[in-house]
Amino acid sequence: MSSRTEFEREFNEGGSWDPPGGLEFDRRDFLKLFGGGLFVGLGSASAWAQESGRRFGGHELPKDLSAWLHIAADGGVKVYTGKAEVGQNIRTSLAQLVAEELRTGFDAIEMVMGDTALTPYDMGTFGSRTTPTMGPELRTMAAAARQMLMEMAGERWQVDPATLTAANGKVLDAKTQRSLSYGELTRGENLVKIVSSDDALTPASAWKIAGTGIPKAQGRDFVTGSHAYPSDIVRPGMLFGAVLRPDGFKATLESIDTSAAEKIDQVKAVRDGDFTGVVAPDPATAQRALAAIQAKWDVPSQPSNRELFDVLKNGSGNGNVERPQYVAGSVAQALDGAEIKVEEQYTIQYIAHAPLEPRAAVAEWDGDKLTVWTGTQRPFGVRDELAAALKIPAENVRVIQPDMGAGYGGKHTGEAAVEAARLARAAGKPVKLEWTRREEFTWAYFRPAGVIEIRAGARRDGTLLAWEFHNYNSGNAGIGSPYAVPNQIIQYHAADSPLRQGSYRSLAAAANHFARESAMDSVAAAAGVDPLAFRMKNLTDTRLRAVFQAAADKFGWEKAKSTPERGFGIAGGNEKGGYVATCAEVEIDSASKKVRVRRVVQAWESGAIVNPDGLRNQLSGAIVQGLGGALFEQVLFANGRIQNASFAQYRLPRFSDTPEIEIVLLDRKDLPSAGAGETGIVGIAPAIGNAIFAATGVRLRSMPMAPRAAAPGQPDSGLRS
Amino acid sequence: MGDLLLHVNGARVNVNAPADEPLLWVLRNRLHLTGTHYGCGEGQCGACTVLLDGRATRSCLTPVGAVAKSKIVTIEGLEHDGKLSAVQQAFLDEGAFQCGYCTSGMILSATALLRDGRNPSEDQIVAAMNGNVCRCGTYPRILAAIQRAAQQQAQGARR
């Protein structure tokens, strides 16, 4: 699969993507799946709205639904969405939104997620889109279901439904003190309604369940070990697989001999074109068999860290003429007249997602039908990958996505699923394939490396006049400036990436914010203006101003005076509906040059907060993860091989790296809820860099800023972390 | 392949496995105790942590043949009569997880740290837990959970 396609797919956020039709879903399916009750679906087309409230007789469900909700005869509510729980806590927050509109307790809601046989088609869980898109859709369905239940009660009691209320899973008649539980109302019914509008939703200011810090759904299963992650799935008669990997990227197989492997008891070697793997009764035997395969590879010469930024900036991938995304006024003229000029180049190394659970899949065939359990943010995308790779129709493939050991944008693809399915077909038995850490570090994809060039001009008083921003390869998320600058050029330049690259939490927004907010700091310093005052002077966006002010107040920015051993930095931005400002306090040991981030205050606003407890957890985690990319994470590679493909060599943030973290939440109940999984990561790197600058006067323009050792070709900052 | 008699979560179990097979794979694949997780296979992340006679041990680097005489406790063995251990309960109360994949190892490392009524300082907790990775970055809450469990243990001892 081309990395570019994967990457652009998310850039477009589905705008140009036509989802294939939903499940073929008719009345018989409804009865078989749900056994009657009340079914509410959300259709994307307004035409469906008119098919409301019909009984089932001969009625067919529309084939294009984005979510559905079912209330069974026992009153149990199940909500079906193709979204995936990857640790971001949407299983909880979405259920809260449904409970709120349906007027039930939180515990009455069961979320059925990420199963291509049970849930409606969904493009995938990325782009911080679950909360702003799936949230209102589920609320709409729940509100419609509540309305129907009240109408059903009104019909039974022969009263005007408008005089009834719904609460705690019951419809109440205040006048007569009568009540009917939802189960009593749906028993014996076969009622379906398709809705599409989102009117009459409960405003966030009136929320009682949404907007509160309900603990993670099924939290107990995570402290007892009973939750089954994709790698924990066990099937009867299951074998274990392992896959032969080339010696390097873009390698071609010159010769192979699997005979020694096949001599091992109960081992089967599987060849299918370029694919070679083994199955065995246990993983140790599978690894032994793999090691017994004699393969010769030709690995072509290819770029390494040393040439990376030259390749991205000047390589042949840039031959195509591209236009800037955004142009305003004349940057050239404005720079001519500017009293302060700053011209800087920033570089970003590749980093790895390194989810603690590597890719894993269990594949099981039943005739020509395939079921795969796997960890992916795109179960329907993986279903299509499987169908294409195994040459079977998509409807013969079921992908089940158990809540997984995280992804951070790194599990959009279905490599392990396809490999497990090939092995299982050849073995005639279910096969589990768990990628090793080394495989995950080598054969997954990376956050793109990049080169960013900035030219800025300002008046002596700190008024920004010109802003020119070029991003080579890393991406265009968060590429625009939130500051009011009359003359601008903003441009993304595609390049040929030496390594396979793809989505990562916030995409390129972390890199673009690092460069922009660092360069902003350089302009402020050149103008002799306080970094916060300089930003405020050039900022009209009231939401962004509010988070800057909130972070600065909590941090004590006014009193924070940097010394050579202690620096204070601030940075912020907005992306995907989230507004963030981050203050960092950094300690630098002048003898050892060791950098330690001591304290971080981050202010956040993303509209009405659905679950403040989950949100704090997400934001705090984003700071810790972002700290790794800021200071020390980097992928080292040479000539088609990853050189630090293990946790001993690739440094991850640990307890001892973690600063004191304070999160300030601004709850805007008057604004729609936006997603919060990604943008919380963009402020930390520039805040740290700006703090280092404030302490030392040295501007660090490379991510990571203070690695164990500089990557080849990279100037050494001299700082360590 | 040899027959091994192991002591796991308070019970004697027979396992047919080569003596050099990592304990992690025995637990996960032969005993189906899947709460113990693979993260790196080189003892660098702590996802596979189990207790061997009360000590936190990386099961990915421990050959099963070496533990026949030890009492092995996995995450599945901490709960007694439907009651969570103090550390488990503290993790739940603090919401000290995101994806939760590291949680078993965190809880077992913390359980070993707090054994025999120990009440470690924050620095001691950080030092002891530094071999456990939470890629979701939940460290502040995990730290708070361990401190909460330690506190409860201390209060319980005073009563």
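On a predicted model such as this, the values are computed, not experimentally measured, just so you know.

Cut-offs used in this document
Residues numbered from 1 in each chain as written. Chains lettered and ligands numbered in written order. Predicted model: local features only at pLDDT ≥ 70, side-chain atom pairs only at ≥ 80, totals over all residues. Helix = DSSP H or I, 4+ residues; strand = E, 2+ residues; numbered from the N terminus. Rg over C-alpha atoms; globule rule 2.2 N^0.38 Å. Buried ≥ 20, exposed ≤ 12 C-beta atoms within 10 Å, placed from the backbone. Contact = placed C-beta atoms within 7 Å. Domains from an automatic or database assignment. Nonpolar A, V, L, I, M, F, W, Y, C, P; charged D, E, K, R; others polar. pLDDT = per-residue confidence, 0-100. Core = buried A, V, L, I, M, F, W, Y, C linked by C-beta atoms within 7 Å. Pairing = 2+ DSSP bridges. Axes fitted to C-alpha atoms, helices over the stretch in contact; angles between N-to-C directions. Right-handed = clockwise from strand over helix to strand, strands pointing away. Parallel < 35°, antiparallel > 145°, perpendicular 65-115°, else oblique. Left-handed = near helix turned anticlockwise from the far one by under 90°.

Participant: So what exactly am I meant to see when it comes to the overall build of chain A here?
Facilitator: Across its full length, chain A carries 18 helices and 29 strands. Its C-alpha atoms give chain A a radius of gyration of 27 Å, within 12% of the compact-globule value 27 Å for 721 residues. When the backbone C-alpha atoms are referred to their principal axes, chain A occupies close to 80 × 75 × 50 Å. Split into buried and exposed, the 721 residues of chain A put 57% on the buried side. In chain A, once contacts between residues fewer than 6 apart in sequence are set aside, the share between residues at least 24 apart is 79%.

Participant: So what exactly am I meant to see when it comes to the overall build of chain B here?
Facilitator: Each helix and strand in chain B was counted, giving five helices and five strands. Taking 2.2 N^0.38 as the reference for a compact globule, 159 residues should give roughly 15 Å; the C-alpha atoms of chain B span a radius of gyration of 15 Å, in line with that estimate. Counting only C-alpha atoms, chain B reaches 45 × 35 × 25 Å along its principal axes. Counting across all 159 residues of chain B, residues that qualify as buried make up 55%.

Participant: Help me understand the domain arrangement of chain A in this model?
Facilitator: When the parts of a complex come together, some accessible area is lost, and that lost area is often taken as the interface size. All names here are of chain A. When the domains of chain A are assigned, the result is domain 1 (3-215), domain 2 (230-299 + 359-434) and domain 3 (315-350 + 446-703). Residue-level contacts link 25 residues of domain 1 with 28 residues of domain 3. Looking at which element gives the most residues to the side of domain 1 that touches domain 3, the answer is helix α1 (residues 3-11), with five residues. The residue inventory of the side of domain 1 that touches domain 3, partitioned by class, reads eight nonpolar, 14 polar and three charged.

Participant: What is the right way to look at the domain arrangement of chain B in this model?
Facilitator: Residues and elements named next belong to chain B. Taken as a whole, chain B is organised into domain 1 (2-77) and domain 2 (86-158). At the interface, 15 residues of domain 1 touch 13 residues of domain 2. Mapped by element, the contributors of at least two residues to the side of domain 1 that touches domain 2 are β3 (49-52) and β4 (55-58). With three residues, the single largest contributor to the side of domain 1 that touches domain 2 is β3. Counted by class, the side of domain 1 that touches domain 2 contains seven nonpolar, seven polar and one charged residues.

Participant: Help me understand the confidence of the model for chain A, please; the structure alone is not making it clear to me.
Facilitator: Interpretation of the predicted coordinates at a detailed level should be avoided for regions scoring low in pLDDT. Residues and elements named next belong to chain A. In the predicted model, chain A carries a mean pLDDT of 91, and 92% of its residues have values of at least 70. Note that pLDDT drops below 50 for residues 1-25; the model gives that stretch 39 contacts with residues more than four away or on any other chain. When the criterion is pLDDT under 50, residues 45-62 qualifies, and its contacts beyond four places in sequence or with other chains add up to 34 contacts.

Participant: Can you walk me through the nonpolar core in this structure?
Facilitator: One broad trend across soluble globular proteins is that nonpolar side chains are buried collectively. All names here are of chain A. Membership of the largest hydrophobic core comes to 222 residues, with the highest contact counts inside it found for M141, A145 and I688. Beyond its immediate stretch of four places on either side in the chain, I688 contacts G569, A584, V586, V597, A630, L631 and M705. M238, A269, A360 and A421 belong to the second-largest nonpolar core, a separate cluster that totals 40 residues.

Participant: Can you walk me through the interface of chain B and chain A in this structure?
Facilitator: The interface of chain B with chain A comprises 45 residues on the first partner and 47 residues on the second. The set of elements that each furnish at least two residues to the side of chain B that touches chain A consists of α1 (23-30), α2 (86-94), α3 (103-113), α4 (122-129) and α5 (139-158) of chain B. Along the lines of polarity and charge, the residues of the side of chain B that touches chain A split into 21 nonpolar, 18 polar and six charged.

Participant: Looking at this structure, I do not really get the sheet that holds strand β4 (residues 109-113) of chain A. What am I missing?
Facilitator: What links the strands of a sheet is backbone hydrogen bonding, and the strands pair in either a parallel or an antiparallel sense. Residues and elements named next belong to chain A. Spatially, five strands are ordered β4-β3-β2-β1-β8 in an open sheet, and the strand pairing comes out mixed. Each end of this open sheet is capped by a strand with a single partner; those strands are β4 and β8 (190-195). Taken pair by pair, the neighbouring strands of this sheet meet at an average axis angle of 15 degrees, ignoring direction. Inspection of the sheet shows strand β1 (residues 37-43) paired to β8 by six bridges, in the parallel sense. Considered in β8, the bridge of G37 is made with N190. Sitting on the sheet, helix α3 (residues 90-102) is in contact with β3 (77-81) and β4, with an inclination near 135 degrees to β4. Across the sheet, helix α4 (residues 130-157) touches β1, β2 (65-71), β3 and β8, and the angle it forms with β2 is around 40 degrees.

Participant: Can you help me understand the pairing of strand β17 (residues 369-374) of chain A in this one?
Facilitator: Residues and elements named next belong to chain A. For β17, a buried count of five out of six residues is recorded, marking the element as mostly surrounded by other parts of the structure. Where β17 lies against strand β18 (residues 397-400), four bridges are found, and the strand directions are parallel. Bridge pairing in β18 places V372 opposite V399. In this view, the connection linking β17 to its parallel neighbour β18 by way of helix α11 (residues 379-390) has right-handed handedness.

Participant: Explanation requested: unusual backbone geometry in the structure shown.
Facilitator: Across the chain, the bulk of peptide bonds are trans and the bulk of non-glycine residues have phi less than zero. Omega for the peptide link from M703(A) to P704(A) comes to 5 degrees, which places this bond in the cis form. Considering the arrangement of structural elements, one finds P704(A) in the segment after β29 (702-703).

Participant: Which parts of the structure should I look at to understand the environment of N617(A)?
Facilitator: Counting through the fold element by element, N617(A) comes out in helix α17 (residues 612-631). Not counting residues up to four positions away in its chain, the partners in contact with N617(A) are G95(B), Q98(B), T138(B) and R141(B).

Participant: I would appreciate a short explanation of the confidence of the model for chain B in the present structure.
Facilitator: Put simply, chain B has an average pLDDT of 96, and 99% of its residues get 70 or more. Scored by ipTM, the complex comes to 0.98, with pTM at 0.94.

Participant: Explain the sheet that holds strand β7 (residues 178-181) of chain A to me, please; I cannot follow it from the model alone.
Facilitator: Residues and elements named next belong to chain A. Spatially, three strands are ordered β5-β6-β7 in an open sheet, and the strand pairing comes out antiparallel. Of all the strands in the sheet, just β5 (165-167) and β7 have a single pairing partner and so form its edges. Direction aside, neighbouring strands of the sheet carry axes that sit 25 degrees apart on average. Pairing geometry for strand β6 (residues 170-173) and β7, over four bridges, is antiparallel. Within β7, the residue paired with V171 across the bridge is L180. α4 rests against β5, β6 and β7 of the sheet, and its axis sits at about 45 degrees to β6.

Participant: Teacher, can you tell me more about the environment of I400(A) here?
Facilitator: Residue and element names in this part refer to chain A. Inspection of the secondary structure assignment puts I400 in strand β18. The partly exposed category is assigned to I400, around which 19 C-beta atoms lie within 10 Å. Put simply, I400 and D122 are 278 residues apart on the chain and 13 Å apart in space, counted from C-alpha to C-alpha. With residues up to four places along the chain from it excluded, the contact list for I400 reads D115, T371 and W373.

Participant: What am I meant to see in the packing of α3(A) against α4(A) here?
Facilitator: The relative placement of two packed helices is expressed as an angle between their axes plus a distance between the axes. Residues and elements named next belong to chain A. One can describe the packing of α3 onto α4 by two numbers: an axis separation of 8 Å at closest approach and a directional angle of 30 degrees. Relative to α4, the element α3 lies roughly parallel. Here α3 and α4 pass one another in a crossing that is right-handed. Residues I90, S93, L94, L97, V98, E101 and L102 of α3 touch α4, and the partners they reach there are T130, T131, M134, G135, L138, R139, A142, A143, A145 and R146. Here the contact of α3 with α4 is composed, by residue class, of ten nonpolar, four polar and three charged.

Participant: Is there a simple way to think about the packing of helix α14 (residues 509-527) of chain A against helix α18 (residues 684-696) of chain A in this case?
Facilitator: All names here are of chain A. Close contact between α14 and α18 brings their axes to 8 Å; oriented N to C, the two are set at 30 degrees. The orientation of α14 relative to α18 falls into the category roughly parallel. Between α14 and α18 lies a crossing of right-handed hand. On α18, the residues that touch A510, H513, F514, E517, S518 and D521 of α14 are A685, P686, G689, N690 and F693. Across the contact of α14 with α18, the residue classes tally to five nonpolar, four polar and two charged.

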